[in-house]
Amino acid sequence: MHEGKLIVLTAPLTEMIDHAGYFIQMGMASMPVWMEFVFDRKYPKWREVKRFEDGSARLAPAGLRILERVAAENFGSDNVVVCYPDDLDRFIGPATRVVAVSTHNPLGVTFAAGVYTSLFGTSRQPINAFYAERMFEQIKRNPHRANFKLIVGGSGGWQVQHTGSAQRLGMDCLVDGRSESAETIALLRQAIAGEPLPLQVQVSHPQDGAALLYPHKPTTFGVVEMTTGCGRRCQFCMPDLHPQIAVPKQNIMAAVEANVRNGNNQISLATEDMFIWGQVRTETPFFFPNREALLGLYSDIVHTPGVEHHVLSHATMAPAVVDPELIRRLSELLLPKSPIHLPTLSSHPQKKALVPLIGLETGSVRMAKQVMPSKGIPFRIEDWPSVVLRGLEILNRNNWFPMLTLMVGNPGETDEHVMETLDLIYEMERRGLFGFLVPSVFTPLEGTRMEHDVGVTQTRQLTRLQWQLILKCWKMNMRPGLYSWWGPISFKLGGLAIWWAKLRKTNGPNFTWPMMMFASIIPEALMFRAGKLYPGRPLKLKSRAELIASIRPNYWKYLREDNGDPPYAADAVNQQEPAVGY
Ligand code: SF4
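S.K.: What is the right way to read the site of the ligand from this model?
M.R.: In the region of the ligand, 13 residues are neighbours, and Cys230, Cys234, Cys237, Asp240 and Glu272 sit closest. Its residues placed into classes, the shell around the ligand shows five nonpolar, two polar and six charged.

What follows is the structure, given as structure tokens:
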């Protein structure tokens with residue numbers, strides 16, 4: 001009989017795969033389990049994961065890789081393995097004392113997951129949650145279960161805490177915090193000694209870049225940590241509670257090398273805002289991007305032999321308005337290595353596009369003041385709609401078509417707030433701007449400044465305006481996919497059929513008219529005239545020059561002259577609106 005490894009590390013299968021890019025993981029996190037057949041059909045090989053010769057996982061989430069490094073450095077690399085859940089029985093044996101799981105969405109109770117699974121009917125468990133539960137069941141049933149402790153961490157740990165599921169899932173200890181922490185190492189030591197562990201523990205976060213470890217082995221999607229924290233202080237945000245730290249360039253490059261050395265040809269830098277790297281704890285405020293540092297970093301990454309694909313992760317909108325030249329030059333560097341093609345949108349010769357994830361959250365200035373007053377700095381939050389749409393103009397012009405997240409059902413949200421967000425969305429449509437709009441229902445995240453607030457909890461509670469916002473966003477997202485002759489027809493018929501069969505019962509009467517709009521059953525103009533839907537009010541936007549002129553004069557020295565629109569130009573604030581569209 002095999003002895004097993006002392007420390008076995010794993011994650012739900014759906015969080016370890018990177019077969020088809022980010023989209024499959026996002027889909028798995030939000031689609032209900034009965035829709036798994038869609039992924040099976042589109043990506044028939046998604047379960048075919050790669051292994052090293054010893055059977056360990058060739059790809060694993062970056063956080064798990066860092067835990068692997070910590071455990072190997074403290075307890076010996078021969079005693080540690082990272083494996084896929086299907087291989088757990090192969091590595092867990094009588095000698096195993098720790099099974100550690102990293103997970104970012106084990107129960108599907110956050111962001112898009114809740115609303116999209118309930119959109120599709122009564123079976124609300126997202127595919128991701130199904131695979132996570134299956135993995136926990138497998139660990140529970142292992143014949144050596146009495147000999148080891150099950151420790152769970154990762155960014156999804158709060159879901160377990162929030163739902164009180166730790167015992168049901170068989171966990172001995174739920175850790176909130178980083179692997180590098182001395183407390184995490186102490187926990188592993190306790191578990192190996194067979195000592196009891198606290199059911200829940202919070203461990204400290206490193207305070208500087210040198211203390212953040214980087215992985216020595218390949219990571220899912222080639223994820224390499226770039227920064228922690230953010231600094232814009234949105235009330236609902238969990239990552240912003242961590243210190244603002246930039247990982248040193250040599251460590252990022254070492255992690256890139258570790259990926260390509262092991263045959264992983266794609267890289268993605270993990271960050272809450274890519275634009276703060278190079279400007280953390282410098283004399284310049286972090287919201288004025290360090291152009292040279294960013295161009296140098298990305299250039300070195302995409303020119304590393306073996307890197308064939310590069311994908312952006314998170315960014316913010318204001319830096320695009322602050323430094324459009326940076327966006328232009330980043331596009332020159334990054335577009336050739338982007339695996340994303342948007343033929344109906346991109347002007348790139350190979351139709352390539354960049355799709356970072358950017359928080360739009362709300363078009364209502366009043367709501368923005370309440371929940372994210374610094375989201376647009378150095379611009380005033382009163383100018384948030386102008387910052388969003390001017391930023392999007394600059395991004396679209398350079399073939400960036402971001403995913404734009406929105407929050408629906410915030411605590412205290414009124415019809416007027418939703419109408420203001422709809423105004424911004426309709427303005428975006430009028431101006432021919434494009435971003436993938438991803439509305440989600442407000443989720444109070446543990447530990448954030450809004451953790452005790454309550455928003456909408458069931459789709460039946462959503463008002464007609466909130467449904468209009470959600471479905472208008474999705475209708476606009478479908479535009480690039482509906483250019484074939486058959487697209488609009490099948491879309492209408494399919495939408496009507498699903499509504500008739502299921503959704504009118506699941507989501508209640510407020511859903512009906514917005515659904516008619518979504519499926520284009522009745523022309524929108526007719527529904528506006530009949531008072532069934534809100535038509536949106538045109539927005540008067542500030543030009544970039546006006547926005548720049550509104551920045552506090554003590555910040556003017558950080559602006560780059562080659563972007564034009566100098567704030568001291570006498571006519572800046574009187575400038576006419578530039579032409580719309582891209
Ligand atoms: S900008 Fe994004 S990452 Fe930064 S605090 Fe706001 S929500 Fe969090």
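S.K.: It is not clear to me how the packing of helix 15 (residues 384–397) against helix 16 (residues 415–430) should be interpreted in this structure. Could you clarify?
M.R.: Two packed helices can be described by the angle between their axes and the distance between those axes. Their axes nearest at 11 Å, the elements helix 15 and helix 16 cross at an angle of 25 degrees. When the axes of helix 15 and helix 16 are compared, the pair comes out roughly parallel. Relative to helix 16, the crossing made by helix 15 is right-handed. In this structure, helix 15 uses Pro385, Val388, Leu389 and Leu392 to contact helix 16, whose residues at the interface are Leu424, Glu427 and Met428. The residue makeup of the contact of helix 15 with helix 16, split by class, is six nonpolar, no polar and one charged.

S.K.: Help me out: how do you make sense of the sheet that holds strand 13 (residues 357–361) in this one?
M.R.: The strands making up a sheet are joined through hydrogen bonds of the backbone, oriented either antiparallel or parallel. Reading across from one edge, 12-13-14-15 is the order of the four strands in this open sheet, with parallel pairing throughout. In this open sheet, the two strands that pair with only one neighbour each are strand 12 (314–315) and strand 15 (436–441). Alignment of strand 14 (residues 403–408) against strand 15, held across six bridges, turns out to be parallel. Its bridge partner being in strand 15, Val408 is matched across the sheet by Val441. Strands in contact with helix 17 (residues 464–478) are strand 14 and strand 15; relative to strand 15, the strand with the most contacts, it is inclined by about 150 degrees.

S.K.: What should I look at first to understand the pairing of strand 14 in this one?
M.R.: Successive side chains on a regular strand alternate, one facing one side of the sheet and the next facing the other. The pairing of strand 13 with strand 14 spans four bridges and is parallel. Across the sheet, residue Ile358 finds its bridge partner in strand 14, namely Leu404. Where the polypeptide runs from strand 14 across helix 16 and back to strand 15, its parallel neighbour, the crossover connection is right-handed.

S.K.: Just to check I follow, could you spell out the packing of helix 16 against helix 17 for this structure?
M.R.: One way to put it is that helix 16 packs onto helix 17 with a least axis distance of 9 Å and a crossing angle of 20 degrees. With respect to helix 17, the element helix 16 is oriented roughly parallel. Viewed along their axes, helix 16 and helix 17 form a crossing whose handedness is left-handed. Residues Asp415, Val418, Met419, Thr421, Leu422, Ile425 and Glu429 of helix 16 touch helix 17, and the partners they reach there are Leu465, Gln466, Gln468, Leu469, Lys472, Cys473 and Met476. Grouping the amino acids of the contact of helix 16 with helix 17 by side-chain chemistry returns eight nonpolar, three polar and three charged.

S.K.: What am I meant to see in the nonpolar core here?
M.R.: Nonpolar side chains in soluble globular proteins generally cluster together in the buried interior. Of all hydrophobic cores here, the largest spans 149 residues; its most connected members are Ile7, Leu9, Val98, Val99, Ile151 and Val224. Sequence-distant contacts of Val98, defined by excluding residues within four places in its chain, comprise Leu6, Ile7, Phe148, Lys149, Ile151, Leu188, Ala191 and Ile192.

S.K.: Honestly, the pairing of strand 4 (residues 149–153) in this entry has me stumped. Any pointers?
M.R.: Of all five residues in strand 4, five are buried; the element is thus mostly enclosed. The side-chain alternation of strand 4 yields two buried faces, one formed by Lys149, Ile151 and Gly153 and the other by Leu150 and Val152. Both strand 4 and strand 5 (residues 173–176) contribute to a ladder of two bridges, which runs parallel. By the bridge assignment for strand 5, Val152 is matched with Leu174. Taken together, strand 4, helix 8 (residues 157–163) and strand 5 form a β-α-β motif whose crossover is right-handed.

S.K.: Any chance you could explain the environment of Pro319 here in plain terms?
M.R.: Following the sequence through the fold, Pro319 ends up in helix 12 (residues 318–322). Here Pro319 falls in the buried class, since 25 other C-beta atoms lie within 10 Å of it. On a C-alpha basis, the gap between Pro319 and Ile377 in space is 8.9 Å, while along the polypeptide they are 58 residues apart.

S.K.: Looking at this model, I keep getting lost on the environment of Asp86. Mind explaining?
M.R.: Inspection of the secondary structure assignment puts Asp86 in the loop between strand 2 (80–82) and helix 5 (88–91). Between the alpha carbons of Asp86 and Met135 there is a distance of 8.3 Å; along the sequence they are 49 residues apart.

S.K.: Explain the sheet that holds strand 7 (residues 223–225) to me, please; I cannot follow it from the model alone.
M.R.: Strand order in the open sheet made by the three strands is 7-10-11, with parallel pairing throughout. Edge positions in the sheet fall to strand 7 and strand 11 (309–310), since each of these pairs with one other strand and no more.

S.K.: Sorry if this is basic, but what is going on with the environment of Leu335 here?
M.R.: Structurally, Leu335 is set in the loop between helix 13 (324–334) and strand 13. We classify Leu335 as buried; it has 22 C-beta atoms within 10 Å. Sequence separation between Leu335 and Lys352 is 17 residues, and the spatial gap between their C-alpha atoms is 6.1 Å. The contacts of Leu335, once residues within four sequence positions are left out, are His348, Lys352, Leu354 and Asn399.

Rules behind the numbers
- Residues numbered from 1 in each chain as written.
- Predicted model: local features only at pLDDT ≥ 70, side-chain atom pairs only at ≥ 80, totals over all residues.
- Near = placed C-beta within 6 Å.
- Nonpolar A, V, L, I, M, F, W, Y, C, P; charged D, E, K, R; others polar.
- Axes fitted to C-alpha atoms, helices over the stretch in contact; angles between N-to-C directions.
- Helix = DSSP H or I, 4+ residues; strand = E, 2+ residues; numbered from the N terminus.
- Parallel < 35°, antiparallel > 145°, perpendicular 65-115°, else oblique.
- Left-handed = near helix turned anticlockwise from the far one by under 90°.
- Contact = placed C-beta atoms within 7 Å.
- Pairing = 2+ DSSP bridges.
- Right-handed = clockwise from strand over helix to strand, strands pointing away.
- Core = buried A, V, L, I, M, F, W, Y, C linked by C-beta atoms within 7 Å.
- Buried ≥ 20, exposed ≤ 12 C-beta atoms within 10 Å, placed from the backbone.

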